[in-house]
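# Residue-level structure breakdown
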Amino acid sequence: MVALDEVDGDPPDYPPRHRIDSDAGHSNDAWARRVPEEERMYTRKARLAAAFVATVAAGTLLAGCAGGNPGDTGSDGVTTIQFWHRTFTPAENEWYAGIVKKFNAAQDKVKVVDTEVPADAWDQKMKAAQAAGKAPDIYTHSGSIQDAVNAGQLHELGGIVSDDALGQIIDAAKPVSAIGDKYYAYPLLLEPQTVLFWNKDMVSAAGLDAEKGPATWDELLTACAAIQPTLDKGQYCISPASDAVTFAWSTVGQQFNFSGHTALTDDWTAPNINDAGYADLMANYKKLWDNGYMPKQALAAYVEGKDFGEKKVAFKVSGSWMMSEIGSDYPDLLTKTGIGAFPDATGSTGRTATTLGNFKWVVDAKSKNADAAGAFLEWAIAGDPQNVVPFFVDTQFTKVPVRTSVQDAVAASDEAADAPWSGVIVNDIAPTAIPEPTYPWDVSLAVGTAMESVMKGAATPEAAVKTAEDAIAKVIQQQDLPSKAPKN
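All of these numbers come straight from a predicted model, not from anything done at the bench.

### Observations concerning the overall build of the protein chain
In terms of regular secondary structure, the protein chain is built from 18 helices and 14 strands. Out of the 488 residues belonging to the protein chain, those deemed buried represent 55%. If you take every contact in the protein chain between residues at least 6 apart in sequence, the share linking residues at least 24 apart comes to 76%. Of the accessible surface of the protein chain, which amounts to about 19,800 Å², a share of 50% is contributed by carbon and sulfur atoms.

### Digging into the packing of helix α17 (residues 441–455) against helix α18 (residues 461–478)
In contact at an axis separation of 9 Å, α17 and α18 are set at 165° when each is read in the N-to-C sense. Here α17 is positioned roughly antiparallel relative to α18, judged by the angle of their axes. Seen along the crossing, α17 lies across α18 with a hand that is right-handed. For the pair formed by α17 and α18, the contact residues are D442, V443, A446, V447, A450, S453 and V454 on the first element and P461, A464, A468, A471, I472 and V475 on the second.

### Details of the nonpolar core
Judged by nonpolar contacts, the single largest core of 71 residues is most densely connected at W95, Y186, L188, W361, F376 and I381. Broken down by element, this core gets its largest block of residues, eight residues, from helix α13 (residues 370–381). Other than its neighbours up to four places away in sequence, F376 contacts I81, F83, V100, F103, V112, I138 and W361. A210, V252, V443 and V447 belong to the second-largest nonpolar core, a separate cluster that totals 58 residues.

### Some points on the sheet that holds strand β10 (residues 236–239)
Reading across from one edge, β10-β11-β9-β12 is the order of the four strands in this open sheet, with mixed pairing throughout. Each edge of the open sheet carries a strand with a single partner, namely β10 and β12 (337–341). On average, each strand axis in the sheet is tilted by 15° relative to the strand beside it, whichever way the strands run. Bridge count between strand β9 (residues 195–199) and β12: five bridges; the pairing is antiparallel. Looking across to β12, one finds that L196 is bridged to G340. Across the face of the sheet, helix α16 (residues 421–429) comes into contact with β9 and β12 while running at roughly 5° to β12.

### A word on helix α10 (residues 276–290)
With 15 residues, α10 should cover 21 Å at 1.5 Å per step; its first-to-last C-alpha distance of 20 Å lies within 8% of that length. Turning to α10, its buried residues number three or more, namely G277, Y278, L281, M282, N284, Y285, L288 and W289. Buried residues along α10 cover an arc of 150° about the axis, so they all sit on one side. Against α7 (217–227), β10, α8 (244–250), α9 (252–259), α17 and α18 lie the buried residues of α10. Regarding α10, its N-cap is D275, as a side-chain oxygen of that residue lies 3.1 Å from the backbone nitrogen of G277 further along. Following α10 by one or two positions, G292 has its phi on the positive side, about 70°.

Parameters at a glance
- Residues numbered from 1 in each chain as written.
- Predicted model: local features only at pLDDT ≥ 70, side-chain atom pairs only at ≥ 80, totals over all residues.
- Heavy atoms only, no water.
- Helix = DSSP H or I, 4+ residues; strand = E, 2+ residues; numbered from the N terminus.
- Buried < 20%, exposed > 50% of the residue type's maximum accessible area, 1.4 Å probe, protein only.
- Contact = heavy atoms within 4.5 Å.
- Areas by Shrake-Rupley, 256 points an atom, 1.4 Å probe, with all protein chains shown as cover.
- Axes fitted to C-alpha atoms, helices over the stretch in contact; angles between N-to-C directions.
- Parallel < 35°, antiparallel > 145°, perpendicular 65-115°, else oblique.
- Left-handed = near helix turned anticlockwise from the far one by under 90°.
- Core = buried A, V, L, I, M, F, W, Y, C linked by side-chain atoms within 4.5 Å.
- Pairing = 2+ DSSP bridges.
- Expected span 1.5 Å × (residues − 1).
- Arc of directions from axis to C-beta.
- Polar contact = N/O pair within 3.5 Å; in protein donor to acceptor, adjacent residues only side chain to side chain.

Below, the structure is given as structure tokens:
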């Protein structure tokens, strides 16, 4: 695998995907990293891969192309394609390297060159490659595909990935995969970005039910009032988002929960944040702040679980991925950690409080070997469910597969019985979660800035909303957002 040097780049794309910088040498506990068996079902997969790629090769896969392209067909008849993915957790990085190795060993028509790009260098590397006409043939993609499709950067998957494979994508994943009836991305995973975790021992010590989390903000505030007197110095009731940038992307689901909509009108002609729902949401965070239920300075980033693992907080708000960190770095807490949906606003029962993050694979629109890239994509993540089961097992059941067949295979794995939180994530939280917004990041940031200013007492809700409205209105005008509003 090729590793690109880490360099300073642009801020991560919206929303920032979690990145846990941790050593590969975690605990030897059963929940530490499990290395997939290289020979597991290898013979059968090799035959399937060879047959599949050979079928594609009969068409346009092996058409010759000029030298210097990201992928080329050599004199030996082997088509080489470039695959870029970001640096993730050790378990994820190992799976990426392993799936490329298995594909290359399973057939002799296509060679995939795997390049791991540091997360904070991704934007700079990708933009430079695209500008030079040397973007990789296939690469990972997070967030909305709308801008990339508008810019002509993504190859339509119809024709290079089978209709059967595309038809297996579950409804919850279609908004991040398709524009209208055309697919431009194939998701590997979905992951709820706002989940409530709690330390059962700390909750029990306050005389509360440790098996059930607070269902509403009122219950959460009541719980914090009971927990606070039981805490030692340096401990807090809850660690939620606490800065403008994190509020911007992590509370979109909460905005929907409180107001029944997000920050723009449906036609993107005006901001839509001047209502009681947004004001109440901001006021609730101010209650956490004013009562000392949350730390005045974050003890850990929203995307990591260090503060929870060190038992400095009873409740932690993060994405579903945090359970993977608990399992690898704090295995003693696995059986002592509760997990559930984030609390509802009063009267919003039935509306989600989280967005679904995602990571997808896409094929570059200018790839000279799109058929080969499609063949690799389908074999790796859209074919045999057993190719991706190790990914979900080794990330400790914290992510949602986008095919029912994979969900069933993951649930049937031997390890699933020891991961009761998987059902909470897949069955209780993910089905009602909303997609990430497709409007520009500056819109979300304006809301996040308003939330932080109200929470810290720097502005009244009315003043903060007015400032945010002005900022959003400027974005609408400057970027002509009405012309870019979703049509479906």
